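The lines below spell out each chain.
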Amino acid sequence: MLKLFAISLSSLIFMQSINLHFNDLVELDQLVEHYQFHSDEYGDNFLVFISKHYGSEKTQHSQQHQEEQQEHEKLPFQHQTQCSQLLVFVEDHKPILESRSEVPVATTDNFHYQMSYSTIWGDGPFQPPKHA
């Protein structure tokens with residue numbers, strides 16, 4: 001069950017990363033039907049059909065065949081998306097050299113730790129080990 005969940009989650013992440021929606025997979029039958037129409041009506045092969053609906057001939061084909069506009073809107077991969085991210089950097093103006101904290105030295109325990117003179121341990125999330 002865990003493998004099935006991992007496979008489905010990774011395939012979902014992959015589909016979203018290449019901008020493939022579930023609706024596109026459902027609308028693939030519309031693509032096949034419209035291709036059959038173009039093959040019968042205009043004698044187009046699959047590469048010409050793709051060029052007319054997704055490639056360089058798309059604007060010309062849309063202008064010449066306004067009567068097919070409703071079928072064109074039902075084809076998959078017709079959505080427009082935009083991804084924007086806002087990045088904010090907040091800089092703390094606290095001097096690094098003054099943010100030194102003292103650690104008490106315990107001599108009754110089995111270990112001995114004395115604070116070094118570097119300010120690497122400061123008040124941040126990385127602290128030296130402490131005894132309870």
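Going by the structure above, here's the rest.
Residues numbered from 1 in each chain as written. Predicted model: local features only at pLDDT ≥ 70, side-chain atom pairs only at ≥ 80, totals over all residues. Heavy atoms only, no water.

Draft legend 1. Seen up close, the packing of aromatic side chains. In the structure shown here, the tally under the stated rule is five aromatic pairs. Centroid distance Tyr35 to Phe46: 5.3 Å. Interplanar angle 80°. Geometry classified as edge-to-face. Taken as a pair, Tyr35 in helix α3 (residues 28-41) and Phe46 in helix α4 (residues 46-54) lie far apart in primary sequence, eleven residues in all. Residue Tyr35 is classed as partly exposed on the basis of its relative accessible area, which comes to 22%. Under the relative-accessibility criterion, Phe46 is labelled partly exposed at 42%. Measuring from centroid to centroid gives 5.6 Å for Tyr35 and Phe49, while their planes differ by 65°, and the two rings are edge-to-face. Residue Tyr35 is found in helix α3, and its partner Phe49 is found in helix α4; the two are separated by 14 residues along the sequence. An aromatic cluster of at least three residues, connected via ring pairs, comprises Tyr35, Phe46 and Phe49. (Phe/Tyr/Trp six-rings, centres within 6.5 Å; stacked < 30°, edge-to-face > 60°. Helix = DSSP H or I, 4+ residues; strand = E, 2+ residues; numbered from the N terminus. Buried < 20%, exposed > 50% of the residue type's maximum accessible area, 1.4 Å probe, protein only.)

So far we have only geometry, and geometry alone does not tell us how the molecule works.
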